[in-house]
There are 2 protein chains.
Amino acid sequence: MYAVRYELIKTCKQTGARLGRLHTPHGVIDTPIFMPVGTQATVKSMTPEELKEIGSQIILSNTYHLYLRPGHELIKKAGGLHKFMNWDRPILTDSGGFQVFSLGPLRKITEEGVEFRSHHDGSKHFLTPEKVMEIENALGPDIMMAFDECAPYPADREYVKNSLERTTRWLERCKAAHKNPENQALFGIVQGGMYKDLREQSAREITAIDLPGYAIGGLSVGEPKDLMYEILEYTTPLLPEDKPRYLMGVGSPDDLIEGVIRGIDMFDCVLPTRIARNGTAMTSQGKVVVRNASYAEDFTPLDPECDCYTCRNYTKSYIRHLVKTNEILGARLISNHNLHFLLNLMKDVRQAIMDDRLMDFRNEFFAKYYGK
Amino acid sequence: MYAVRYELIKTCKQTGARLGRLHTPHGVIDTPIFMPVGTQATVKSMTPEELKEIGSQIILSNTYHLYLRPGHELIKKAGGLHKFMNWDRPILTDSGGFQVFSLGPLRKITEEGVEFRSHHDGSKHFLTPEKVMEIENALGPDIMMAFDECAPYPADREYVKNSLERTTRWLERCKAAHKNPENQALFGIVQGGMYKDLREQSAREITAIDLPGYAIGGLSVGEPKDLMYEILEYTTPLLPEDKPRYLMGVGSPDDLIEGVIRGIDMFDCVLPTRIARNGTAMTSQGKVVVRNASYAEDFTPLDPECDCYTCRNYTKSYIRHLVKTNEILGARLISNHNLHFLLNLMKDVRQAIMDDRLMDFRNEFFAKYYGK
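Residues numbered from 1 in each chain as written. Chains lettered and ligands numbered in written order. Predicted model: local features only at pLDDT ≥ 70, side-chain atom pairs only at ≥ 80, totals over all residues. Heavy atoms only, no water.

Caption draft 1: Looking closely at the side chain of Asn 62 of chain B. All names here are of chain B. By secondary structure assignment, the location of Asn 62 is in strand β5 (residues 59-62). One polar contact links the side chain of Asn 62 to the main-chain amide nitrogen of Tyr 64, over a distance of 3.0 Å. Apart from the residues within four sequence positions on either side, Asn 62 is in contact with Gly 38, Thr 39, Asp 94 and Gln 99. (Helix = DSSP H or I, 4+ residues; strand = E, 2+ residues; numbered from the N terminus. Polar contact = N/O pair within 3.5 Å; in protein donor to acceptor, adjacent residues only side chain to side chain. Contact = heavy atoms within 4.5 Å.)

Encoded structure:
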């Protein structure tokens, strides 16, 4: 018996989209779902209560960052990540693979694992599949991602093939090292870059290892959107129907909707909170760069159709003032709004699947948000 | 009829302390009171709802900063400062005098007013008593401070005497220029540096101008605490009993208690939120520098005797992690706690006056907080 169980409620008649529920040790979540990112055991600027108020059902945190600071042993002593950060709903941790491979010259990959230097203090570390399982078992999330290698874009065929095959071998080692499968679900990650045959090979190898869920990695790494959608459309059908499918690191509104249409159930991205801290809001009318002078005397909410705390209480003019003066409340108010916007978008997407009108919803949303 | 009215409830039998209420257009506040500072139309990192939850009855904002950004005309168009920042309880604005005089070489004082360059962009500005009244009338706070000159410490007698006499003349001009006395209360400010006879002269001149409240400025500007308390003890009795007395820019726990003992009703200070952003908490056991390594595995709250949101939900270990990783939530949690601590301290002080045990309370608090 695995720690999480996917329940398929309905398959879209027009697209590959599916409506479902994921049962986890910390509660049931509705899919398709967007997971706010709390890289360092905090969704930047937000409290757990605020995350709940806007409808966050599950959040993501980051193994690489928590391993370095404050350390997984400390979090274990604190009673695990849920208790440490005061969040009692489901948590997914990624494996740190993406972060470590992004270090470039600071890391060295071997069959055994990855040696790297901390981006904080230059200290030397060695992550292996076994070590990553030890860390994620200590952190105690409901879902833990396997240690994989995310190939860059562009990358030649040979590199990507070697990389995906190593990712398979590492997944086997992860599964063998995982100490707590009754309470924590290990997800495997399909790689293969932009090569369809390699995606197929990876999907075959990864899903041959029986696990409670599978992810698609190595997309949204710089490739054109059309290519990403093409690879996604090719890859998702290769995953089992009775398991959740997670597209890693994707979170712009168009990618969320196109991902759902291609059969994805779970998404995460730092985008909504990152652009918030930079003064940009996602709204029903598209992006609003509230820092712009044109909003100086705009006494209307960020989004006239939104009912979040920010839009109920504050004007663009005030939020612009906060952003221009680098006040923390500015980052808070826009983060709250942006996360609410994406969580609400996914709620609307789920309703559209239920009502058999996902393509209509997609077209209406794109016309409004992107003007196309 | 003035915009605010002071109601004396009780005078302490042991000290100069007084219990009272201040009736304002936006509600009644209990005195003695601490006012959280929202320099730029936001109490740093906090929402209005959070401020209310911890018992903030009135906040302070800053004329100088709001005049420069976003501008008082914009705030007037927004419907005034209360509406602009979504705060419906009383607001006091200081006049900008202190900030302008702190600019040093960037400003030039004449009888007419002060010419200065903005600390943001170097643009040239000229503040006069009339201009400050125009700004504060536009902002619309319940209480507006007169434009004064705050002498530095140390300063020679001649300088301080000229300065306080100009402050008196400027107060007369402020009163004459004030357009909205029915809805906004103008407070005069007693200066005089560390010279008792000059404090007496200033108090006599300032209180000769009939106003709904008076402040003591020019203290806590670098002088020894004993000297500050001595000057305070000399000055407060020179103020009328039927008006509120406000000691500007003071907010450490010892200064608050010593100020109350010497007859002060109102205080403000950036200290609790400033040290919070630096990782320091005020607790019933004294200051806690949560950044220190000794708290890395301390899974107890910041203050075991505190019932604020932060102390109910988070450990020192987690807050230390947030501070060390520069996470916004760290500043939020400690700011919330520190403001709660000072607001609660003042509540206890009011109760101690009510119970005729203020000196006992003082001694117990000092023993616990300062170990003396």
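And the narrative resumes.
Caption draft 2: Structural context of the sheet that holds strand β5 (residues 59-62) of chain A. Residue and element names in this part refer to chain A. Ordered in space as β4-β5-β6-β10-β11-β12-β13-β14, the eight strands form a closed barrel in which the pairing is parallel. The average angle at which neighbouring strand axes cross in this sheet is 30 degrees, direction not considered. As paired strands, strand β6 (residues 91-94) and strand β10 (residues 143-145) are joined by two bridges and run parallel to one another. Within β10, the residue paired with Thr 93 across the bridge is Met 144. Against the sheet, helix α6 (residues 129-139) touches β6, β10 and β11 (185-190), its axis set at about 160 degrees to β10. (Pairing = 2+ DSSP bridges. Axes fitted to C-alpha atoms, helices over the stretch in contact; angles between N-to-C directions.)

Caption draft 3: Representation of the UniProt feature "binding site: substrate" (unreviewed entry) in chain A within the structure. All names here are of chain A. In the numbering used here, UniProt assigns the "binding site: substrate" (unreviewed entry) feature to Asp 94, Ser 95, Gly 96, Gly 97, Phe 98, Asp 148, Gln 191 and Gly 218. Tracing the backbone shows Ser 95 in the loop between β6 and α5 (97-101). Taking relative accessible area as the criterion, Ser 95 reaches 3% and is therefore assigned buried. Apart from residues lying up to four places away in sequence, Ser 95 is in contact with Thr 63, Val 132, Glu 136, Met 145, Ala 146, Phe 147 and Asp 148. Only 3.1 Å separates the side chain of Ser 95 from the backbone nitrogen of Gly 97, close enough to count as a polar contact. Mapped onto the secondary structure, Gly 218 falls in the loop between β12 (213-216) and α9 (225-235). (UniProt positions renumbered as here; feature names shortened; annotations may be inferred. Buried < 20%, exposed > 50% of the residue type's maximum accessible area, 1.4 Å probe, protein only.)

Caption draft 4: A look at the state of the cysteines. For the structure on display, the rule yields zero disulfides over all chains. Looking at Cys 269 of chain A, it has no disulfide partner, and the nearest cysteine sulfur is the one in Cys 150 of chain A, 13 Å off. (Disulfide = S-S within 2.5 Å.)

Caption draft 5: The arrangement of the packing of helix α10 (residues 253-261) of chain A against helix α14 (residues 328-354) of chain A in detail. Residues and elements named next belong to chain A. Where α10 contacts α14, the two axes come as close as 11 Å, and the packing angle between them is 25 degrees. Taken together, α10 and α14 sit at an angle that is classed as roughly parallel. Judged by the sense of rotation from one axis to the other, the crossing of α10 with α14 is right-handed. Only Phe 341, Leu 342, Leu 345, Met 346, Val 349 and Ile 353 of α14 make contact with α10, whose side of the interface consists of Pro 253, Leu 256, Ile 257 and Val 260. In terms of residue class, the contact of α10 with α14 is made up of 10 nonpolar, no polar and no charged. (Parallel < 35°, antiparallel > 145°, perpendicular 65-115°, else oblique. Left-handed = near helix turned anticlockwise from the far one by under 90°. Nonpolar A, V, L, I, M, F, W, Y, C, P; charged D, E, K, R; others polar.)

Caption draft 6: Broad picture of unusual backbone geometry. Between Arg 69 of chain A and the following residue, Pro 70 of chain A, the backbone shows a cis peptide bond with an omega angle of 5 degrees. Along the chain, Pro 70 of chain A falls in the loop between α2 (63-68) and α3 (72-77). Geometrically, the link from Tyr 153 of chain B to Pro 154 of chain B is a cis peptide bond, its omega value of -5 degrees lying close to zero. Here Pro 154 of chain B shows up in the loop between β10 (143-145) and α7 (157-177). Here the phi dihedral of Ser 220 of chain A falls at roughly 55 degrees; this positive angle occurs in a residue that is not glycine. Within the secondary structure layout, Ser 220 of chain A lies in the loop between β12 and α9. Ser 220 of chain A gets classed as partly exposed once you look at its relative accessible area, which sits at 36%. Although it is not a glycine, Asn 326 of chain A adopts a positive phi angle of roughly 55 degrees. If you trace the backbone, Asn 326 of chain A turns up in the loop between α13 (316-324) and α14.

Caption draft 7: Representation of the UniProt feature "domain: tRNA-guanine(15) transglycosylase-like" (unreviewed entry) in chain A in the model. With numbering matched to this structure, UniProt assigns "domain: tRNA-guanine(15) transglycosylase-like" (unreviewed entry) to residues 15-370 of chain A. Overall, residues 15-370 of chain A shows 43% helix and 18% strand. The separation of its end C-alpha atoms is 21 Å.

Caption draft 8: Broad picture of the domain arrangement of chain A. Residue and element names in this part refer to chain A. Annotation of chain A at the domain level lists domain 1 (5-268) and domain 2 (274-364). Taken together, the 33 residues of domain 1 in the interface contact 25 residues of domain 2. Between domain 1 and domain 2 the total buried area reaches about 2500 Å² when both faces are included, carbon and sulfur atoms providing 70% of it. Where domain 1 packs against domain 2, one counts four salt bridges. With a closest N to O distance of 2.7 Å, Arg 332 and Glu 50 form a salt bridge. Remark: the boundary between domain 1 and domain 2 carries nine residue pairs in polar contact (both at pLDDT 80 or more). Among the elements of the structure, β2 (18-24), β3 (27-31), β4 (33-38), α1 (48-53) and α10 are those that each provide at least two residues to the side of domain 1 that touches domain 2. Here the side of domain 1 that touches domain 2 gets six residues from one element, more than from any other, and that element is α10. Looking at the side of domain 1 that touches domain 2 residue by residue, the class counts come to 17 nonpolar, eight polar and eight charged. (Domains from an automatic or database assignment. Buried area = accessible area lost by both parts, 1.4 Å probe. Salt bridge = Lys/Arg side-chain N within 4 Å of Asp/Glu carboxyl O.)

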